[in-house]
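Residues per chain are reported as follows:
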Amino acid sequence: MAPQPDGTLTVEGCIDATVNQIVSGTYSPHSLNHARLVYKKESKVNGLDVLLYYWDDRDGPNLHGWWFAPGVGGDAVWAYNPDSGTRDPPPSGWRVPYDGQVDHGFLVSPCSKRPVDGSWSEQPQKLPRVQPTLEAQLELRRQQELAALGKWSGSSGETLENTMERRKQDEAEAVSCALVVDFEALVSTLETMVTRLREAVALVDLERPMSKEVALTVTEPLAKLGLEATAGHKACIEFIVGKKLAVDDMVHSDLAKLLGRANEAGRSTQMMVDRVARVGKDKEGARETSGVNLAECDPVG
């Protein structure tokens, strides 16, 4: 692409569609930084300036080169080129993201001329540029996603901060809903186990006199069902503990209701297990049949 006669340059061809939407366009000389021109895109993106600037080796070789970013020396960046040997922005060799592979489609046309009368002045130096943090990269990615989805624009009347806060709330709600789905599956399984135990106990007259041999025959399958239900209740409690969900902090009403169902099922299981265990203990010499101790997983709340 031929250089523009007025000293502007053109950026195009980034393979990353989101970054391409941000950086593509026409840039004009804006100021100086580290004795080289800073270029500014003619239109803002989501209310942000898009600058192309040079950073020298004062902060080490990893930061030496040309950068696309919303501000000179900031943490958030869109693209980087380590080619520091050129006076003007290099036409190719750009990395997106800054520590990624070279994007061979990303092209910057060389500028055609530079003022020789010193009309460009060195802009005030900002804090030395530091390696972009993970938080800064995530924030930049969120901005890029919002731009791609058209969810936010500088003229909408909603600030980027408000948009990001709303997005965080939506993400938190999605996590909460996922917890409800997982916990409900555990509680439903527990309730099925308790129903099976209750039906099995109802089929047996545990109050009638019986020998110890008969007592063992009757109570062993019931004790097995009791163990299964106990394990199901313990799984529910461990889910709450593992997710660090304190009862007082459960603002999600569905989670609180499910926890109540789990605790009720646990109490029912304990009552039936105790009843079955007493039958075995009443028979002299009978083997312990319950083997169950729900005290290890007392209901929460």
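Just so it is clear, the structure is predicted and the values come from calculations on it, not from any experiment. (Residues numbered from 1 in each chain as written. Predicted model: local features only at pLDDT ≥ 70, side-chain atom pairs only at ≥ 80, totals over all residues. Heavy atoms only, no water.)

Draft legend 1. Examining the overall build of the protein chain more closely. Along its length, the protein chain carries five helices and seven strands. From first element to last, N terminus to C terminus, the protein chain shows the α and β order β-α-β-β-β-β-β-β-α-α-α-α. Across the 301 residues that make up the protein chain, the buried fraction comes to 41%. Taking contacts inside the protein chain between residues at least 6 apart in sequence as the whole, the part at least 24 apart equals 57%. (Helix = DSSP H or I, 4+ residues; strand = E, 2+ residues; numbered from the N terminus. Buried < 20%, exposed > 50% of the residue type's maximum accessible area, 1.4 Å probe, protein only. Contact = heavy atoms within 4.5 Å.)

Draft legend 2. Examining the pattern of salt bridges more closely. A full pass over the atoms with the stated rule returns six salt bridges. Its salt-bridge partner being Asp-49, residue Lys-40 comes within 3.7 Å of it at the nearest N-O pair. With its nearest N and O atoms 2.8 Å apart, the salt bridge here joins Arg-261 to Glu-191. Placement of the pair is Arg-261 in helix H5 (residues 253-282) and Glu-191 in helix H3 (residues 160-202), with a sequence separation of 70 residues. Glu-191 gets classed as partly exposed once you look at its relative accessible area, which sits at 26%. One network of salt bridges, in which partners are shared, links Lys-40, Lys-44 and Asp-49. (Salt bridge = Lys/Arg side-chain N within 4 Å of Asp/Glu carboxyl O.)

Draft legend 3. Representation of the sheet that holds strand E7 (residues 107-108). Strand order in the open sheet formed by seven strands is E6-E5-E4-E3-E2-E1-E7, with antiparallel pairing between adjacent strands. Across the chains shown, the open sheet's two edge strands, defined by having one partner strand only, are strand E6 (79-81) and E7. Sheet analysis places strand E3 (residues 36-41) next to strand E4 (residues 51-55), joined by two bridges and oriented antiparallel. The residue bridging Tyr-39 from the neighbouring strand is Leu-52, located in E4. (Pairing = 2+ DSSP bridges.)

Draft legend 4. Examining the packing of aromatic side chains more closely. Applying the stated criterion across every chain yields a total of nine aromatic pairs. Ring centres of Phe-68 and Phe-106 lie 5.5 Å apart, and the angle between their planes is 55°; this geometry places the pair in the tilted category. Remark: Phe-106 occurs in the loop between E6 and E7 and Phe-68 occurs in strand E5 (residues 65-69); sequence separation between them is 38 residues. You can call Phe-106 buried: its relative accessible area is 1%. Put simply, the rings of Tyr-27, Phe-68, Trp-94 and Phe-106 touch in pairs and so form one group of aromatic residues. (Phe/Tyr/Trp six-rings, centres within 6.5 Å; stacked < 30°, edge-to-face > 60°.)

Draft legend 5. Region of interest: the nonpolar core. Membership of the largest hydrophobic core comes to 27 residues, with the highest contact counts inside it found for Phe-183, Val-201 and Leu-206. The set of elements that each furnish at least two residues to this core consists of H3, helix H4 (212-242) and H5. For this core, the element with the highest residue contribution is H3, accounting for nine residues. For Leu-206, the residues in contact, after removing those within four places along its chain, are Val-201, Val-218, Leu-222, Arg-275, Val-276 and Val-279. Cys-14, Val-45, Val-50 and Val-96 belong to the second-largest nonpolar core, a separate cluster that totals 22 residues. (Core = buried A, V, L, I, M, F, W, Y, C linked by side-chain atoms within 4.5 Å.)

Draft legend 6. Here's a closer look at the pairing of E3. The element E3 is extensively covered by neighbouring structure, given that five of its six residues are classed as buried. In the sheet, strand E2 (residues 25-33) pairs with E3 via six bridges, with the strands oriented antiparallel. Counterpart to Leu-32 in the pairing with E3 is Leu-37. Linking two consecutive strands that pair antiparallel, namely E2 and E3, is a turn of two residues; a positive phi of about 55° is found at His-34 within it.

Draft legend 7. Structural context of unusual backbone geometry. Here Val-96 and Pro-97 are connected by a cis peptide whose omega angle stands at 0°. In this structure, His-34 takes a positive phi of about 55° despite not being glycine. Among the structural elements, His-34 can be located in the loop between E2 and E3. You will see that Asn-46, though not glycine, has its phi angle at about 55°, which is positive. Mapped onto the elements of the fold, Asn-46 is located in the loop between E3 and E4. The exposure class of Asn-46 is buried, given its relative accessible area of 16%.

Draft legend 8. Expanded view of the environment of Lys-243. Considering the arrangement of structural elements, one finds Lys-243 in the loop between H4 and H5. Note: C-alpha distance between Lys-243 and Leu-179 (64 residues apart in sequence) is 8.8 Å.

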